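# Reading the structure
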Amino acid sequence: MVGIIMGSTSDMPVMQAAIDILKQFNIDTEVDIVSAHRTPDKLFDYGKNAHERGIQVIIAGAGGAAHLPGMIASLSPLPVIGVPVKSRNSIDGWDSVLSILQMPGGVPVATVALDGAQNAGILAAQILGATNKSMRDKILQYKDGLKQKVIEGAAEVKK
């Protein structure tokens, strides 16, 4: 199972892409709002206990100061994928990108592109696929589908 958390409901339009791609891979998700600044007790509980609920990877989306992914990574033994979200009060999203990307040694957060929740979902599936052959086969099939789209597009351009 993949946990998908975000700082507020305004992040949901971006984070929906992670939910959608994980559904495509038939991976169960648990989705919640966990604000690093407004619900710190919930953040601590989530970070310390997610693995006990069967979550294997956490995707954390946050905008602005974007402390959520790093704080969760500091508390959890699970891999954390950070999704920087361009919020209305953002500095073109760079504040979110750098907040998630520039983690201190010992507290890694895998970081995808600004608003890159789809890639976060794919990366979570690949992490699960490292030890699950069935999932790995789904990833291989997905990547083959990407290749086929490019080949079809190239053929269409040549017409």
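See above for the structure.
Rules of the game
- Residues numbered from 1 in each chain as written.
- Predicted model: local features only at pLDDT ≥ 70, side-chain atom pairs only at ≥ 80, totals over all residues.
- Heavy atoms only, no water.
- Pairing = 2+ DSSP bridges.
- Helix = DSSP H or I, 4+ residues; strand = E, 2+ residues; numbered from the N terminus.
- Contact = heavy atoms within 4.5 Å.
- Axes fitted to C-alpha atoms, helices over the stretch in contact; angles between N-to-C directions.
- Salt bridge = Lys/Arg side-chain N within 4 Å of Asp/Glu carboxyl O.
- Buried < 20%, exposed > 50% of the residue type's maximum accessible area, 1.4 Å probe, protein only.
- Core = buried A, V, L, I, M, F, W, Y, C linked by side-chain atoms within 4.5 Å.
- Expected span 1.5 Å × (residues − 1).
- Phe/Tyr/Trp six-rings, centres within 6.5 Å; stacked < 30°, edge-to-face > 60°.
- Parallel < 35°, antiparallel > 145°, perpendicular 65-115°, else oblique.
- Left-handed = near helix turned anticlockwise from the far one by under 90°.
- Nonpolar A, V, L, I, M, F, W, Y, C, P; charged D, E, K, R; others polar.

## Topic: the sheet that holds strand β4 (residues 80-85)
- The strand order β2-β1-β3-β4-β5 describes an open sheet built from five strands, whose pairing is parallel. Strands at the two margins of the open sheet, each flanked by one partner only, are β2 (29-33) and β5 (110-111).
- Contacts from helix α3 (residues 68-75) reach β1 (2-6), β3 (57-63) and β4, with the element oriented near 150° to β3.

## Thoughts on the pattern of salt bridges
- Summed over the entire model, instances satisfying the criterion amount to five salt bridges.
- Lys-42 is the salt-bridge partner of Asp-32, the closest N and O atoms lying 3.0 Å from each other. With Asp-32 in strand β2 and Lys-42 in helix α2 (residues 40-49), the pair connects residues that are ten residues apart, well separated along the chain.
- Residue Asp-32 is classed as partly exposed on the basis of its relative accessible area, which comes to 26%.
- On the basis of relative accessibility, which here comes to 34%, the residue Lys-42 falls in the partly exposed class.

## Focus on the nonpolar core
- Counting 26 residues, the largest nonpolar core has Val-2, Ile-4, Phe-25, Ile-59 and Val-83 as its most contacted members.
- Among the secondary structure elements, those contributing two or more residues to this core are β1, α1 (12-24), β3, β4, α5 (117-129) and α6 (133-158).
- In this structure, Ile-59 is in contact with Val-2, Gly-3, Ile-4, Ile-5, Met-15, Ala-18, Leu-22, Ile-81, Val-83, Ala-120, Gly-121 and Ala-124, ignoring residues within four places of it in sequence.
- Judged by nonpolar contacts, the second largest core, of 20 residues, contains Ala-62, Ile-72, Leu-75 and Val-80.

## Observations concerning the side chain of Asp-95
- Within the secondary structure layout, Asp-95 lies in helix α4 (residues 94-101).
- Other than its neighbours up to four places away in sequence, Asp-95 contacts Gly-64, Asn-89 and Ser-90.

## Considerations on the pairing of β1
- Across the five residues that make up β1, a large majority, five, are buried.
- Neither face of β1 is open: one carries Val-2, Ile-4 and Met-6, the other Gly-3 and Ile-5, and all of them are buried.
- Sheet analysis places β1 next to β2, joined by five bridges and oriented parallel. Across the sheet, residue Ile-4 finds its bridge partner in β2, namely Val-31.

## What about α5?
- The end-to-end C-alpha distance of α5, which contains 13 residues, comes to 18 Å, matching closely the 18 Å that a straight helix rising 1.5 Å per residue would cover.
- Regarding α5, the residues found buried are Ala-117, Ala-120, Gly-121, Ile-122, Ala-124, Ala-125, Leu-128 and Gly-129.

## Notes on the packing of aromatic side chains
- What the rule picks out here adds up to one aromatic pair.
- Look at Phe-25 and Tyr-142: their rings are 5.4 Å apart centre to centre, the planes differ by 70°, and that puts the pair in the edge-to-face class. Remark: Tyr-142 occurs in helix α6 and Phe-25 occurs in the loop between α1 and β2; sequence separation between them is 117 residues.

## Observations regarding the packing of α2 against α3
- Relative orientation of the contacting elements α2 and α3 amounts to 50°, with a least axis distance of 8 Å. The angle between α2 and α3 places the two elements in the oblique class. Relative to α3, α2 is oriented so that their crossing is right-handed. Seen from α2, the contacting residues are Leu-43, Phe-44, Tyr-46, Gly-47 and Lys-48; seen from α3, they are Leu-68, Met-71, Ile-72 and Leu-75.
- Across the contact of α2 with α3, the residue classes break down as seven nonpolar, one polar and one charged.

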